[in-house]
Each structure stands twice: as C-alpha cells, then as structure tokens.
Amino acid sequence: MISGAIRISGILLLCSLTWNAWGADITGTITLKGEPPREKVLPLDAMCRKTRPGEVPTTRFFLADKSGGLADVFVYLKSVPGEFEPPATPVVIDQVGCEYVPYVLGAQKGQKIVVKNSDPILHNVHPTPRVKGNPEMNLAQLPAPIGKDLTFVFDYPEMFLRFKCDVHRWMYAYVSVMDHPFFTVSGKDGSYTIKNVPPGDYEIVAVHRKAHAPRYVGLTEKVTVKDSTETVDFTIDITKAD
Amino acid sequence: MSGQARYHRPYHLFAVFTAAATLALIGMGGIVTSKGVGMSVPDWPDSYDHNMFMLPVSYWVGGIFWEHFHRLAASAVGLLTVGLAVWSFGRNGKKFLVFWLTPLATLGGGVCLVAFPERLADTVLLGGLGIGSFVLSRFWPRGEPAPRLVRILAVVAVVAVIGQGVLGGLRVRLLQDELGAVHAAVAHLFLVLICVIALLTSRWWQERGSAGFRTRLPGWTLLLAALLIFGQLLLGAAMRHRHAGLPVDSFPLVDGKLLPAADETYVSGINQRRNLAADYREFEPVTRGHVQLYRYHLILGSAVFLTVLASLIAAWLTVGNHWLVLQQGALVLAIVGQGLLGAWTVWSDKADAVATLHVVFGAIVLVWASLLAIIGLGRFPAAGRDIAEKLNSSGKWEMVSGQEAIREMVRDTR
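What counts, and where the lines are drawn
- Sequence positions are assigned chain by chain, starting from 1 and proceeding in written order.
- Each chain is given a letter, starting from A, and each ligand a number, starting from 1, according to the order in which they appear as written.
- Note on the predicted model: pLDDT of at least 70 is required for a residue's local features to be given, and 80 or more for side-chain atom pairs to be given and counted; whole-chain, interface and lining totals, by contrast, use all residues.
- Hydrogens and waters are ignored; side-chain quantities use all the structure's heavy atoms.
- Segments assigned H or I by DSSP are reported as helices when at least four residues long, segments assigned E as strands when at least two residues long, and all are numbered from the N terminus.
- Think of it in three bands: residues with accessible area under 20% of the maximum for their type are buried, residues over 50% are exposed, and the middle band is partly exposed, with areas taken using a 1.4 Å probe on protein chains only.
- Any pair of residues with heavy atoms lying within 4.5 Å of one another is described as a contacting pair.
- Here, Shrake-Rupley sampling with a 1.4 Å probe gives the accessible areas, and only protein chains in the shown set may cover a residue.
- A pair of cysteine sulfur atoms is labelled a disulfide when the two atoms are within 2.5 Å.
- Points on a 1 Å grid over protein atoms alone make up a cavity when a 1.4 Å probe fits among them but cannot get out, and a pocket when they form an open set with protein on both sides within 12 Å along at least five of seven lines; lining residues each have an atom within 4 Å of a point.
- Grid points are joined across faces, edges and corners, and a volume is the space filled by probe spheres set on the points.
- Note on residue categories: nonpolar means Ala, Val, Leu, Ile, Met, Phe, Trp, Tyr, Cys or Pro, charged means Asp, Glu, Lys or Arg, and polar means any other residue, Gly included.
- Each of two parts loses accessible area, computed with a 1.4 Å probe, when they are put together; buried area is these two losses added.
- Here, a salt bridge means any side-chain nitrogen of Lys or Arg that lies within 4 Å of a carboxyl oxygen of Asp or Glu.
- Any N or O atom pair separated by 3.5 Å or less is treated as a polar contact, with the protein-specific requirement of one donor-capable and one acceptor-capable atom, and with residues adjacent in sequence counted only for side-chain atom pairs.
- In short, DSSP must find at least two bridges between two strands for them to pair.
- Angles shown run from 0 to 180 degrees and are taken between the N-to-C directions of axes, each axis being a line fitted to C-alpha atoms and, for helices, limited to the stretch in contact.
- Scored from 0 to 100, pLDDT records how confident the predictor is in each individual residue.
- Patches here are clusters of residues that have more than 30% relative accessible area and form no salt bridge, with a 9 Å joining cutoff for like charges and a 5 Å cutoff for nonpolar side chains (Val, Leu, Ile, Met, Phe, Trp, Tyr).
- Boundaries between domains were set according to an automatic or database domain assignment.
- What a helix is expected to span follows from its residue count: subtract one and scale by 1.5 Å.

Here we take up the overall build of chain B. On a plain count of helices and strands, chain B comes out with 13 helices and 2 strands. In chain B, which comprises 414 residues, the share counted as buried stands at 50%. Long-range pairs, those at least 24 residues apart, make up 75% of the contacts in chain B between residues at least 6 apart in sequence. In the structure as shown, chain B presents an accessible area of about 19,400 Å², 69% of it carried by carbon and sulfur atoms.

What follows deals with the state of the cysteines. All names here are of chain A. A full pass over the atoms with the stated rule returns 1 disulfide over all chains. Between the sulfur atoms of C48 and its disulfide mate C98 the distance is 2.0 Å. With the S-S bond torsion at -75 degrees, the cross-link from C48 to C98 turns out left-handed. With C48 in helix α2 (residues 46–50) and C98 in the loop between β3 (91–96) and β4 (99–101), this pair connects stretches of sequence that are 50 residues apart. As far as burial versus exposure is concerned, C48 and C98 are alike and both buried. Unpaired in this structure, C165 has its nearest cysteine sulfur neighbour in C98, at a distance of 7.6 Å.

Where empty space is left in the structure can be found by rolling a water-sized probe over the atoms. Looking at the second largest pocket, its volume works out to about 530 Å³. Lining of the second largest pocket is provided by 29 residues; of these, K210 of chain A together with R274, N275, D279 and F283 of chain B occupy positions nearest its centre. Contributing elements (two or more residues each) for the lining of the second largest pocket: β10 (158–164) of chain A together with α9 (264–275) of chain B. The element that contributes the greatest number of residues to the lining of the second largest pocket is α9 of chain B, accounting for 5 residues. Partitioned by chemical class, the residues of the lining of the second largest pocket number 13 nonpolar, 3 polar and 13 charged.

This next bit is on the interface of chain A and chain B. Across the contact, 40 residues belong to chain A and 29 residues belong to chain B. Where chain A abuts chain B, roughly 2,800 Å² becomes buried across the two surfaces, and 55% of that area is made up of carbon and sulfur atoms. Summed over the shared surface of chain A and chain B, the result is 4 salt bridges. There are 18 residue pairs in polar contact (both at pLDDT 80 or more) connecting chain A and chain B. For the side of chain A that touches chain B, the elements supplying multiple residues, two or more each, are β7 (123–128), β8 (139–141), β10 and β11 (172–178) of chain A. Of all the elements, β7 of chain A adds the most residues to the side of chain A that touches chain B, at 3 residues. Its residues assigned to classes, the side of chain A that touches chain B shows 21 nonpolar, 5 polar and 14 charged.

Residues and elements named next belong to chain A. Taking strand neighbours across the sheet as the criterion, the 4 strands line up as β4-β3-β6-β9 in an open arrangement whose pairing is mixed. This sheet does not close on itself; its edge strands, each paired only once, are β4 and β9 (150–153). Each strand of the sheet is rotated relative to its neighbour by a mean of 25 degrees, with strand direction disregarded. Across 5 bridges, the pairing between β3 and strand β6 (residues 112–117) is parallel. Residue pairing across strands places V92 opposite V114, the latter belonging to β6.

Let us look at the confidence of the model for chain B. All names here are of chain B. Per-residue confidence for chain B gives a mean pLDDT of 89; residues scoring 70 or more make up 88%. Here residues 1–5 is modelled with pLDDT under 50, and outside its nearest four sequence neighbours on either side it reaches 15 contacts, counting other chains as well. Below pLDDT 50 for its whole length, residues 379–391 participates in 50 contacts with residues either more than four positions away or in separate chains.

Attention now goes to a nonpolar patch on the surface. Residue and element names in this part refer to chain B. Taken together, the side chains of F53, M54, L113, V114, L120, V124 and L125 present a nonpolar region at the surface, about 650 Å² in accessible area. Those elements that provide at least two residues to the nonpolar patch are α3 (93–115) and α4 (120–138). A total of 3 residues in the nonpolar patch trace back to one element, the largest contributor, which is α4. For L125, the location among the structural elements is in helix α4. Under the relative-accessibility criterion, L125 is labelled partly exposed at 31%.

Here we come to the side chain of N134 of chain A. Residues and elements named next belong to chain A. Residue placement: N134 occurs in the loop between β7 and β8. Judged by its relative accessible area of 6%, N134 falls in the buried class. Reaching out from N134, the side chain makes a polar contact with the backbone nitrogen of D155 at a distance of 3.2 Å. For N134, the side chain forms a polar contact with the side chain of E158, separated by 3.0 Å.

Once that is clear, we can look at empty space enclosed by the protein. Taken as a whole and assessed by the stated rule, the structure comprises 4 cavities of 30 Å³ or more. Considering only enclosed or pocket space, the second largest cavity measures out at about 70 Å³ in volume. If you go around the second largest cavity, the residues you meet are L42, T58, T59, R60, F61, E99, Y103, W170 and Y172 of chain A together with Y280 and E282 of chain B. Grouping the amino acids of the lining of the second largest cavity by side-chain chemistry returns 6 nonpolar, 2 polar and 3 charged. Of the domains in this structure, domain 1 (1–80 + 182–242) and domain 2 (84–180) of chain A are the two that each give at least three residues to the lining of the second largest cavity.

Residues and elements named next belong to chain A. Taking strand neighbours across the sheet as the criterion, the 5 strands line up as β5-β11-β10-β7-β8 in an open arrangement whose pairing is mixed. Where the open sheet ends on each side, the last strands, each with one partner, are β5 (104–108) and β8. Taking the axes of each pair of neighbouring strands and ignoring which way they run, one obtains an average angle of 30 degrees across the sheet.

Residues and elements named next belong to chain B. In this model, helix α10 (residues 288–318) (31 residues) spans 45 Å end to end at C-alpha, consistent with the 45 Å of a helix rising 1.5 Å per residue. Within α10, burial applies to H290, V291, L293, Y294, H297, V304, T307, V308, S311, L312 and A315. Residues of α10 that are buried make contact with α8 (219–240), α9, α11 (323–347) and α12 (352–377). Backbone geometry just downstream of α10 places G320 in the positive-phi region, at approximately 85 degrees.

Okay, structure coming up:
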C-alpha cells in the first residue's frame, strides 16, 4: 500500500518535472514607433513632495529608452486551454512617494493582490473594475504601522483593471487579470519573457495601456512553441489609432 | 413677522443667507467633482472612522480636504435649513425646540453613551445639540408665524436637505456615479426652493403680492426656460459624473462641424488624441453616449437662449420699459455668459476652476429664471391664502382675507 503510494507520487513528480522540461520561454522586445507625448509633471501636494525631495515625478505613460524599447507593455497568450489554479504568492503593489509601484502589472484570476502603503501619508485604494463580477471597492489605508496591507481578489479576467487613489488624483495602477499564468510586463528596455509555456500553437498579444486604449486589442502574432526559446518582437506605432 | 406687517427683515435676510450658503455649497460640490476627489473619504456618515465633525486636521490632505469640507458645509446648510423651518413657525418654534429637539437630542446622546460607549464624540455632539437647542429656546423670538406657504416650503426644504445628505452618503457607500448626478440635480432644486422662500419673504413680494400686483411677465415662457435650464443642468451633471472629461477638444467647431459625430470614427479619433495627450487625470474613455450627451447639451443650450430671448421680446411688447423686463434682458446676457463659460471649459481642457464656475453660474441662471417665472405666473398672491394685506383708499395697509384680496385683484384686472 505504502509502496504503491510512493510509486504514484514518483510518477506525479516525474510528470511535473517533465511538464516543466517541455515548457519553453517566449521572449522578445517591444519597440515604440513615433514620437511619444512629453510626460507631464505630477501636481504633488506639499506632503507628497516631502517624500520625494529633489525629484520631479512625471506621468509614466510612454516609458521608452533611447533605442525605443517600451516599458509597461502587457504581453500575454490568448486562449490558453485548461484550468489554472491561482498561485499562492500574491502580487504586490506598493505606494511609494504618492505613486503606485509598479504602474502596470498582471495577476491571475483568484490570485491575491496586496496593496501596501510605504508612505507616511494616508491613501484610499479604489479599484474600479469594468467587468461584471469583479467588485468595486473603496478602502482607506492609513500610513504604517497603523495602516494594514489591503488585499483584493478578482475572479474574472479583465484588461487593465484600474486602481486609483482619490486622495491623490494622479495615482493610478493597472492590473490585468488573466485566467492563466502566461503573461508578463515589458521591462525598462522593452524586453519581456513569458516562461515555461507548454508546447503548442499560440497567439501572443502585446497591449500598451495608452497606445491601445480604450479597446485594448493590441498587437497579435502567431507563435509555435516547441522545446526551445521562441522570439517574438513587436513594434507599437502610436501614429496609428488602435 | 408681526401681525401688522408680513415682511420680517431678519427672517428674509436669514433666507437669503441660507440661499447664499447653498450656492457656495454647490460650488464646493462642483470643485469636488471637477477634481475627481468625491471618493477620497471612503466612509459615510463617518470620515475615516471618526465622527465627521471630529476628523483630525492631519487627515485633511489632498482630495480629503475638499470632500470633507463639502460634507461640513453641507451639515451647516442643513442646520441653517432647520433654523429656517423652525423660525417660520414664529413663536411656536419654541415649542419644537423645547418639546422635540431638546429631549430627542439629549435622549439620543444618552442612548449613544450606553450603546456605543466607544463613540464618545457622538454623545458629546448630540448632548451639545440638546443643550444648545434648550438655550436657544430661552431667547427664541416671539414673532408671528410666516405665511402658510412659506412654512410648508420651509418644512419641505428640511426634508429635501436631509434626503440630499443621504443621497450624497449613498453615492459614497454604494459607489454609484449615477447617484452623484442625481445628487447634483437635487442640489439645484434645493437652491431654487430656498430662493423661492427668500423671494416670498421679501419686502417686494409682500407689498406687491398683497396689493394684488400683476407683473404681466410671460410666466409660462419663463417657466419653460427654467425647465430647459434644469434639463441643461441634468445633462451637464450626467456628463460630469461619467468622469470621462470632455468628449471634444475644440470649440465651436469639432473636426469642422458644430456638432461632433457620435460615431465610432469620431470616438476612436478623440480617444486616440486623448491617449497621446499625457493627462495625469486619466479620464475614462469617451463613448458614443458621452458624445451624444454633449450634442444634446449644445442643442438644449441653444433652445434655452432662444426661449429666454422670446420671453424678453414678449415682455417688452407687453410691459414695456420696466425693471423686471430689464431683469429678463440681464437673464439673456447671463445665458450668453454661461455659454461662454461652457466654451471656456472646453478651451481650458476642463480646468477645475472653470468647470466649477460653469456649474455655479448654471445654478444662478436656473434660480434667476425660476424666480422670474414665479413672478410672471403670479401664483402666490398675498404670499399665502390665509391672511393678506392691501392698500386701502387712504393709502394705508389693512388686513383682509386672502380670498377677498384675490377677488379684488380679479376685479382690478377687469
């Protein structure tokens, strides 16, 4: 009986390892084409300015590096078959210097989204989902140590679900809620990697929150994943409407 | 409100003050919406788990300052309205203070102390209200009650102001933008109500109304204008409470047209332009419905102008050169000014101060048209139907029944 259980566990472990071994990464770079608008200076109030001495924080709409690599682009696989349990690890948004960090992120449906407040200032955290079933909430969050972390969970996929602070009207963060784990957000140089994608044919989508608003259709490419890393690059042309 | 003269200056001035406070409150509400900070205090009737009146000043930061100040100002207007209603009952108001407000507030404070000992601030406030009410009753004026109609309107105003407060609270608690638009609409109606009370208690109304004065202003046309202006305010409120900014970025022409096309091509284009504008306010995207609201707002604005202009011409032809007709002329100019403020709102890309000014001036224009309509319709002879006064043949005021005043007025008209 015990040996049978051990045998089954071994087979399951082997399957799990094999699954990971079968998975391959999709990587690439997002490049911005066209002149991005000049970012605007945030109208921080006196208390927020105190938390960022010497800084002149601006909006973060089109963060492109010198070579055009575009940050904060949400990249995901479309229509991945199967059911995926949400990870036990929460995604974390922090409030630092009266801004949400990160600005764009992804979470799996059912996954905990924890909002911290590292500022010595109170905020309110107000997610405003558009998809029915994802609850709108508005919660106060005092500065630490009185203020506790706030936890949110959304059960339906939604692109760029907005978190806002009404106390500081320039504070926004956008969480894309997916029904699978195959998504990521491009880094400062515009590069991205979606890890451990099972072999198969997919459509990969790159969506920028401003360039592709409000429908968020984005750019789509076909990709076939086998056993090695696939590269898919995107160019987002902001001179064209979505 | 002595028996001899119906005009009671302190009460009238109090009504005018309440109206001014209400207009200021609408302005504060306008700032809250323009700045998009209405939800910066997530709870109600508490504020950040404090009794609203005891919120520490250290909490008054960012958007909280405006929202909390709006709530406090609303409470002050509520108190003024209760005062207006109680005072309208003249010396009988003292009974309300002694036998109702004092015991109820004291009892409420006691219950709060027993049931919610942790909420000491509530107990203190209710107890203070009870004591204050009792002290006030000692110095309560012994005047006559206001005319019946004024008393009724004042009581309606109390119900309205309470309802309005609850509506504002529900908008916060239920997270419903639509309730915000209703809240704005009720605020304007409430302002008109208070201004009507101020009009009915004015010396001008008392003397002219009592003497059976008929202005012959085109009352129905003015009433239509007032209703159209209110419709304009509803459309404006619906646009503002979508939190989507403006669906146009130029005025008077949008893409070469007076009215923007409410189709997907236009909506896509305007959203694209806005997306590339790096606006930290991050408005909701423009929709076709939003564009339609804007189109209706322009069309109705034109209809308001034409209606007011028509009423001015009608009044000029009927009455001639009279200061009330000049008032109508001024109203026409005010409507033009309101239109220019709307244009400025677009040109300024919906700057907070300009958009708020547009709201406040809209409220003033609504009150203006409503009061002129009431004067024109002359539905309130003698400011009440129970007792009236009229000038007798020797030029002195004498008391007559309201029915008699109306009969004489009809006779004079014939």
